[in-house]
Amino acid sequence: MGTSWIIAKRELGAYFKSPVAYVVLSLFLIISGGLFFFGNFFIAGNATMDGFFGVMPLLLVFICPAIAMRLIAEERGSGSIELLLTMPVRDSEVVFGKYLAALMVLAVGLLLTLPFALTVAKLGPLDSGPVLGSYLGTLLLGGTYLAIGLLGSAMTKNQVVAVIVGWAICMALWLMGFLSSAAGPVLGPVLQYASPAYQFSKIARGVIELRNVVYYLSAIGVCLVIAIQVLESRKWR
Amino acid sequence: MNDAPVMIRVDRLTKLYGQNRAVNAISFDVPRGEVLGFLGPNGAGKSTTMKMLTCFLTPTAGRAEVAGFDVFAQSLEVRRRIGYLPEDTPLYRDMLVLEYLDYVTELRRVPAGERRGRIKRIGEVTGIMGVLGKRIGELSRGFRQRVGLTQAMVHDPDILILDEPTSGLDPNQIVEIRELIKELGRQKTVILSTHILPEVEATCDRVVIISDGRLVADGRPNDLVAREHADKFRILLEAGPVAAEVRGKLEAMAGVRHVGQDPSESDTLQFTITTDGVRDLRRELFRAAVDNQWPLLELDRKEASLEEVFARLTKSEPQTAGNKAA
């Protein structure tokens, strides 16, 4: 943990020294806020944030791999990975530390949307349960997409390739849920259950069930383990 | 060589990239307190060997031990004990120098209270105290190199592995860094790679030459030079004797393979005599001069530079075992 934390701190610093974090987070706030307030929020006239969280499963498909793309690919490209991996650090600590930094960037993005919630609460009675649940769900959902993005980043030294791999996998998962109703009575529910968006809709209702949380944590765990394997593959004989 | 414990042991180390043998069964030991120069043309396998010693790459075959730990099985233990400067000094360009060195000392588990002291001590030697507040990406090549050297030494490692440590430095800095490496070499163990030959003669106790992934020479720089060029002699005579006659007499001597007349001033004659092996011909040459009454001005065994040794040993085709020094 100690080593991962040291790496996470450096990565977080790197995010806010480059324009990447600012650009991606600005896009996130503009698109999510724009779709929310200029969508049907005022037309519907209900003090809920359903419209805001409703776009998350698709919006984060694009945002999260863009946050994660530099994590390992950048170091591979510049060669600094060699210096990092010849320090007394485990590959798993490197992956975990970098993931933690990306998660913190996402958390910062979510914190910046709190004014949206406060605005809604001013306009009418806002039920805080679903909002808190949705924030947690968004962090888990985004966390899963970030882990996928990190995996993409571990595979290449080219950040563009990394982000495209991340987008492709995240998009496939999103489509899987979206199209599950067309997949027949047997396969359909399976695909639906396996999709991050479906799990998100469960948490977003304000009921946090252990199995939904376990779903996300396992998905994140699987991606990080594969990313560690990819990083270690340079050592395979 | 000496009784110091072996700090780096390389045993038939091999690295294959596909079918290409980047490093081919090389073996050597480095005792504590030695500065080993790692020499070879580009693509000879120097960097690949260093990447294996620092646990970045895994050997395909053979093994290497650093400070008694296996680079594959005990990689963390190895990495705790080394300082490494990779080729091209890939540092984080977005960080400030001090920020970066703080980060490295933290990762290297230097106690918090000692970090700044260490950075100051090494930084003064490497001459980076004036740029601590600068962004690494804004530094010149030379300063980046010095920051790279600083991070390799800041945790006071027993073993230093430096891939072309003086590249990009100006002549004054090169002298300083060489002095520093020599100084460090007294207590520590240093492997440095270079293709600057005078650097080896100036800094290294011992040199290992590799070519096409194979080890072609291993020894003290002076020994290598002496061994490789013990077969050439030169005599300088005052004009007088008939050149063709002298040449004929020299060619008739035992063990002489070739006699060449070198261009010289009009009142002298100069010949280079190549023998068939390692044989000191100076006594016989002197005798021949006395017997034939040649006015001998100079007589010496030709001292060639390390450059020539290097050039001969690293010519494209693999060398025979005869060239492999002990």
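It should be emphasised that the depicted structure is a prediction, and the values quoted were computed from it without experimental measurement. (Residues numbered from 1 in each chain as written. Chains lettered and ligands numbered in written order. Predicted model: local features only at pLDDT ≥ 70, side-chain atom pairs only at ≥ 80, totals over all residues.)

## Here's the deal with the overall build of chain A
Regarding its fold elements, chain A presents 13 helices and zero strands. Ordered by position in the sequence, the α and β elements of chain A form the string α-α-α-α-α-α-α-α-α-α-α-α-α. Relative to a compact globule of 237 residues, whose C-alpha radius of gyration would be 18 Å, chain A shows 18 Å and is just as compact. Seen through its principal axes, chain A has C-alpha atoms that stretch 60 × 45 × 30 Å. In chain A, which comprises 237 residues, the proportion classed as buried is 42%. Intrachain contacts of chain A at a sequence separation of at least 6 include 79% that bridge at least 24 residues. (Helix = DSSP H or I, 4+ residues; strand = E, 2+ residues; numbered from the N terminus. Rg over C-alpha atoms; globule rule 2.2 N^0.38 Å. Buried ≥ 20, exposed ≤ 12 C-beta atoms within 10 Å, placed from the backbone. Contact = placed C-beta atoms within 7 Å.)

## Regarding the overall build of chain B
Counting secondary structure elements, chain B contains 11 helices and 14 strands. If one aligns the C-alpha atoms of chain B with their principal axes, the spans along those axes are about 80 × 45 × 40 Å. Taken over 326 residues, chain B has a buried fraction of 40%. The contacts in chain B between residues at least 6 apart in sequence include a share of 69% that link residues at least 24 apart.

## Re the nonpolar core
Within the largest apolar cluster, 75 residues are counted, with the highest numbers of intra-cluster contacts made by B:Val66, B:Ile161, B:Val190 and B:Ile209. For B:Ile209, the contacting residues outside a window of four places in its chain are B:Leu39, B:Gly40, B:Val216, B:Ala217, B:Phe310, B:Leu313 and B:Thr314. (Core = buried A, V, L, I, M, F, W, Y, C linked by C-beta atoms within 7 Å.)

## As for the domain arrangement of chain B
What the domain assignment reports for chain B is domain 1 (6–92 + 150–226) and domain 2 (230–302). One C-alpha centre belongs to domain 1 of chain B, the other to domain 2 of chain B, and the line joining them spans 42 Å. (Domains from an automatic or database assignment.)

## As for the sheet that holds strand 12 (residues 256–262) of chain B
Hydrogen bonding along the main chain pairs the strands of a sheet, whether they run parallel or antiparallel. All names here are of chain B. The four strands are arranged 12-13-11-14 in an open sheet whose pairing can be described as antiparallel. Unpaired on one side and paired on the other, strand 12 and strand 14 (296–301) mark the two borders of the sheet. Each strand of the sheet is rotated relative to its neighbour by a mean of 15 degrees, with strand direction disregarded. Both strand 12 and strand 13 (residues 268–275) contribute to a ladder of six bridges, which runs antiparallel. Among the inter-strand pairings, Val256 is bridged to a residue of strand 13, identified as Thr275. Here helix 9 (residues 243–251) sits on the sheet in contact with strand 12 and strand 13, set at roughly 160 degrees to strand 12. Where helix 10 (residues 282–292) meets the sheet, its contacts fall on strand 11 (232–238) and strand 14, and the angle it forms with strand 14 comes to roughly 165 degrees. (Pairing = 2+ DSSP bridges. Axes fitted to C-alpha atoms, helices over the stretch in contact; angles between N-to-C directions.)

## As for the packing of helix 2 (residues 19–44) of chain A against helix 4 (residues 56–68) of chain A
All names here are of chain A. Between helix 2 and helix 4, the least distance of the axes is 10 Å, while the angle of their chain directions is 170 degrees. With respect to each other, helix 2 and helix 4 are oriented roughly antiparallel. Residues Val24, Phe28, Ile31 and Ser32 of helix 2 touch helix 4, and the partners they reach there are Leu59, Ile63, Ala66 and Ile67. A breakdown of the residues in the contact of helix 2 with helix 4 according to their chemical character gives seven nonpolar, one polar and no charged. (Parallel < 35°, antiparallel > 145°, perpendicular 65-115°, else oblique. Nonpolar A, V, L, I, M, F, W, Y, C, P; charged D, E, K, R; others polar.)

## Structural notes on the packing of helix 1 (residues 2–17) of chain A against helix 7 (residues 91–111) of chain A
All names here are of chain A. At their nearest, the axes of helix 1 and helix 7 sit 7 Å apart, and the two run at 45 degrees to each other. Taken together, the axes of helix 1 and helix 7 lie oblique to each other. The handedness of the crossing between helix 1 and helix 7 is right-handed. In contact with Thr3, Ser4, Trp5, Ile7, Ala8, Glu11, Leu12 and Tyr15 of helix 1, helix 7 contributes Glu93, Val94, Phe96, Gly97, Lys98, Leu100, Ala101, Met104 and Val105. Among the residues forming the contact of helix 1 with helix 7, the class breakdown is 11 nonpolar, three polar and three charged. (Left-handed = near helix turned anticlockwise from the far one by under 90°.)

## As for the pairing of strand 13 of chain B
Residues and elements named next belong to chain B. As paired strands, strand 11 and strand 13 are joined by seven bridges and run antiparallel to one another. Across the sheet, Leu236 pairs through a bridge with Gln270, a residue of strand 13. Hairpin connection, strand 12 to strand 13: the antiparallel pair is bridged by five residues.

## Examining helix 1 of chain A
Taking 1.5 Å of rise per residue, 16 residues should cover 22 Å, and helix 1 of chain A covers 23 Å from first to last C-alpha, within 8% of that figure. All of the buried residues along helix 1 of chain A are A:Ser4, A:Ile7, A:Ala8, A:Arg10, A:Glu11, A:Ala14 and A:Tyr15. Where helix 1 of chain A is buried, its residues touch helix 2 and helix 7 of chain A together with helix 3 (97–107) of chain B. (Expected span 1.5 Å × (residues − 1).)

## Some words on the sheet that holds strand 8 (residues 189–194) of chain B
All names here are of chain B. Ordered in space as 6-7-8-3-9-10, the six strands form an open sheet in which the pairing is mixed. Two strands close off the open sheet at either side, each with one partner strand: strand 6 (82–85) and strand 10 (214–219). Averaged over all neighbouring strand pairs, the angle between strand axes comes to 15 degrees, with direction disregarded. Where strand 7 (residues 159–163) and strand 8 come together, five bridges link them in parallel fashion. Each residue of the ladder has a partner; that of Asp163, found in strand 8, is Ser193.

## Thoughts on the interface of chain A and chain B
Facing the 19 residues of chain A at the interface are 20 residues of chain B. Counting residues per element, the ones that place at least two in the side of chain A that touches chain B are helix 1 and helix 6 (80–85) of chain A. If you tally residues by element for the side of chain A that touches chain B, the top one is helix 1 of chain A, at five residues.

## Some details on unusual backbone geometry
Among all residues except glycine, the phi angle is most often negative; among peptide bonds, the trans geometry is most common. Residues and elements named next belong to chain B. One non-glycine residue, Cys55, lies in positive phi territory at about 70 degrees. Note that Cys55 resides in the loop between helix 1 (46–53) and strand 4 (61–66). The class of Cys55 is buried, set by 25 C-beta atoms lying within 10 Å. Phi at Ala67 is positive, roughly 55 degrees, even though this residue is not glycine. In this fold, Ala67 is placed in the loop between strand 4 and strand 5 (69–70). Note on Ala67: 20 C-beta atoms within 10 Å, which makes it buried.

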